[in-house]
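Overview (structure and organization)
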Amino acid sequence: MTLSEPHRRELTQARSLLENPGLTARLTDALASPIERGMAYLPDGAREQIVALSDAALRGALRVALSTLGDVRSPPSNRLHKVGGALSGALGGAFGLPALAAELPVSTSIMLRSIADIARSEGEDLSEAEARIACMEVFALGGRSPSDNAAESGYFTVRAALAKAVSDAVRYAATAGAVKETAPAMVRLIAQVATRFSIPVTEKAAAQAIPAVGAAGGAIINVLFLDHFQDMAHGHFTVRRLERRYGPSAVQVAYRELGPKTPDRRLIEG
């Protein structure tokens with residue numbers, strides 16, 4: 001089935017968001033300082049610590065964030081969530097890297113609620129486990145390692161890499177009747193997501209580690225961080241809405257046609 005012209009334009013916008021994350025550029029522009037400078041202030045072993053913090057933050061967010069949303073479809077409250085993100089970021093900016101362990105769970109919960117809000121606005125039924133797990137996928141979409149190339153970090157490639165873990169988690173949730181962060185299937189999925197989520201978290205930590213960032217700078221960093229994942233969510237759930245209408249294969253073919261030619265990759269499972 002071929003996408004209509006209006007839907008093709010929507011897919012073009014979604015692709016622009018998903019394939020050009022740009023968090024590093026946003027932080028560099030806002031702080032007038034390259035993030036590489038902040039990396040020098042991170043202690044040895046920071047990367048491993050941030051992966052662990054990211055995993056814990058995602059588990060905590062999954063436990064509390066989605067329970068506060070109702071079922072009524074409405075426009076997402078992006079600005080309200082950014083206010084909450086700014087407040088938690090001010091804490092991180094005031095106390096620097098040591099505050100990350102306390103601040104990250106708060107900002108991640110705010111982000112997950114914002115992501116879920118966007119999902120609901122795009123027609124997702126948040127009472128369904130698949131929709132809630134799709135919200136978790138967004139955290140894996142916003143990080144690109146310097147060693148990644150386009151074939152390894154594209155939107156559909158990341159989804160394909162997560163496909164088995166997502167399928168297992170959805171199957172578990174359908175059996176258990178709930179999405180529990182401690183279930184083995186969810187633990188495996190969160191661990192995979194956390195590995196990629198830790199990339200932008202490291203960039204955020206590096207920005208906050210720059211001397212004299214302060215509370216105001218920390219608030220700005222968190223607003224940019226939240227804005228970044230809101231963009232990923234808008235792109236992701238636009239794609240999913242179009243997939244529900246046209247089927248995953250048709251949308252993936254159209255998505256590829258919109259960008260540079262790349263070697264064929266397998267379609268998403270399911």
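Keep in mind it's a predicted model, so treat the numbers as computed, not measured.

Right, let's talk about the overall build of the chain for a bit. Along its length, the chain carries 12 helices and zero strands. Listing every helix and strand of the chain by position from the N terminus yields α-α-α-α-α-α-α-α-α-α-α-α. Each of the 270 residues in the chain was classed as buried or not, and the buried ones make up 51%. About 12100 Å² of surface is accessible on the chain, with carbon and sulfur atoms providing 58% of the total.

This brings us to helix α6 (residues 100-121). Under the 1.5 Å per step criterion, the end-to-end length of α6 is 31 Å for 22 residues, consistent within 8% with the ideal 32 Å. Most of α6 is tucked away: 17 of the 22 residues are buried. Looking at the residues trailing α6, positive phi occurs at Gly-123, about 95°.

Counting residues in each nonpolar core, the largest one holds 70 residues, and the members touching the most others are Phe-139, Met-186, Leu-189 and Val-239. With 12 residues, helix α10 (residues 184-209) is the largest single contributor of residues to this core. Leave out the neighbours within four places in its chain, and Leu-189 touches Ile-133, Leu-162, Ala-165, Val-166 and Ala-169.

Turning our attention to the side chain of Glu-203. With respect to the helices and strands, Glu-203 occurs in helix α10. Buried charge without a salt bridge: Glu-203, with Arg-47 as the nearest opposite-charge side chain at an N-O distance of 8.7 Å. When residues no more than four places from it in sequence are discounted, the contact partners of Glu-203 are Leu-23, Thr-24, Leu-27, Ile-35 and Met-39.

This part covers the packing of helix α7 (residues 129-141) against helix α9 (residues 155-176). As a packed pair, α7 and α9 sit with axes 10 Å apart at the nearest point and diverge in direction by 145°. Note on packing geometry: the crossing formed by α7 with α9 is right-handed. Here α7 contributes Ala-129, Glu-130, Ile-133, Glu-137, Ala-140 and Leu-141 to the contact with α9, which in turn contributes Tyr-155, Val-158, Arg-159, Leu-162, Val-166, Ala-169, Val-170 and Ala-173. Across the contact of α7 with α9, the residue classes tally to 11 nonpolar, no polar and three charged.

In this section: the side chain of Arg-159. Its location among the elements puts Arg-159 in helix α9. In this structure the side chain of Arg-159 is engaged in a polar contact, spanning 2.8 Å, whose partner is the side chain of Tyr-155.

Looking at where Leu-42 falls in the secondary structure, it is placed in the loop between α3 (35-39) and α4 (46-64). In this structure Leu-42 comes out as buried when scored by relative accessible area, which is 13%. Considering only alpha carbons, one finds Leu-42 and Ile-210, 168 residues apart in sequence, at a separation of 9.3 Å.

A few words on the packing of helix α2 (residues 23-31) against α10. Contact geometry for α2 and α10: axes closest at 10 Å, N-to-C directions at 10°. By the criterion of interaxial angle, the relationship of α2 to α10 is roughly parallel. Of the residues in α10, those touching α2 at Leu-23, Thr-24, Leu-27 and Leu-31 are Pro-200, Glu-203, Lys-204 and Ala-207. For the contact of α2 with α10, the class distribution of residues is five nonpolar, one polar and two charged.

Working note: α-helix, 3.6 residues per turn, so residues spaced by three or four point in the same direction. In this model α7 runs 19 Å from its N-terminal to its C-terminal C-alpha over 13 residues, within 8% of the 18 Å that 1.5 Å per residue would give. For α7, a buried count of 10 out of 13 residues is recorded, marking the element as mostly surrounded by other parts of the structure. When α7 is considered as a whole, its buried residues turn out to be Ala-131, Ile-133, Ala-134, Cys-135, Met-136, Glu-137, Val-138, Phe-139, Ala-140 and Leu-141.

On to the environment of Met-111. Tracing the sequence through the fold places Met-111 in helix α6. With near-sequence residues (within four places) excluded, Met-111 lies in contact with Phe-139, Phe-197, Phe-225, Leu-226 and Phe-229.

What follows concerns the environment of Glu-36. One can find Glu-36 in helix α3. By relative accessible area, which is 56% here, Glu-36 ends up exposed. Spatially, the C-alpha atom of Glu-36 lies 9.4 Å from that of Thr-24, the residues being 12 residues apart in sequence.

A separate point is the packing of aromatic side chains. Going through the model one piece at a time under the given rule, you end up with eight aromatic pairs. Residues Phe-197 and Phe-225 carry aromatic rings whose centres are separated by 6.3 Å and whose planes lie at 25° to one another, so their mutual orientation is stacked. In this pair, Phe-197 sits in helix α10 while Phe-225 sits in helix α11 (residues 214-246), placing the two residues 28 residues apart along the sequence. Taken together, the aromatic side chains of Phe-139, Phe-197, Phe-225 and Phe-229 make up a single cluster linked through ring pairs.

A word on the pattern of salt bridges. Going through the model one piece at a time under the given rule, you end up with 14 salt bridges. For the salt bridge of Arg-241 with Glu-10, the shortest nitrogen-to-oxygen distance reads 2.8 Å. Here Arg-241 is found in helix α11, whereas its partner Glu-10 is found in helix α1 (residues 5-19), with 231 residues between them in sequence. Of the residues examined, Glu-10 reaches a relative accessible area of 30% and is grouped as partly exposed. In this structure, the salt-bridge partner of Arg-59 is Asp-55, at a minimum N-O distance of 2.7 Å. On the criterion of helical spacing, the pair formed by Arg-59 and Asp-55 is a turn pair, its members being four residues apart in helix α4.

Conventions we followed
Residues numbered from 1 in each chain as written. Predicted model: local features only at pLDDT ≥ 70, side-chain atom pairs only at ≥ 80, totals over all residues. Heavy atoms only, no water. Helix = DSSP H or I, 4+ residues; strand = E, 2+ residues; numbered from the N terminus. Buried < 20%, exposed > 50% of the residue type's maximum accessible area, 1.4 Å probe, protein only. Areas by Shrake-Rupley, 256 points an atom, 1.4 Å probe, with all protein chains shown as cover. Expected span 1.5 Å × (residues − 1). Core = buried A, V, L, I, M, F, W, Y, C linked by side-chain atoms within 4.5 Å. Contact = heavy atoms within 4.5 Å. Lys, Arg positive; Asp, Glu negative; His and termini not counted. Salt bridge = Lys/Arg side-chain N within 4 Å of Asp/Glu carboxyl O. Axes fitted to C-alpha atoms, helices over the stretch in contact; angles between N-to-C directions. Left-handed = near helix turned anticlockwise from the far one by under 90°. Nonpolar A, V, L, I, M, F, W, Y, C, P; charged D, E, K, R; others polar. Polar contact = N/O pair within 3.5 Å; in protein donor to acceptor, adjacent residues only side chain to side chain. Parallel < 35°, antiparallel > 145°, perpendicular 65-115°, else oblique. Phe/Tyr/Trp six-rings, centres within 6.5 Å; stacked < 30°, edge-to-face > 60°.

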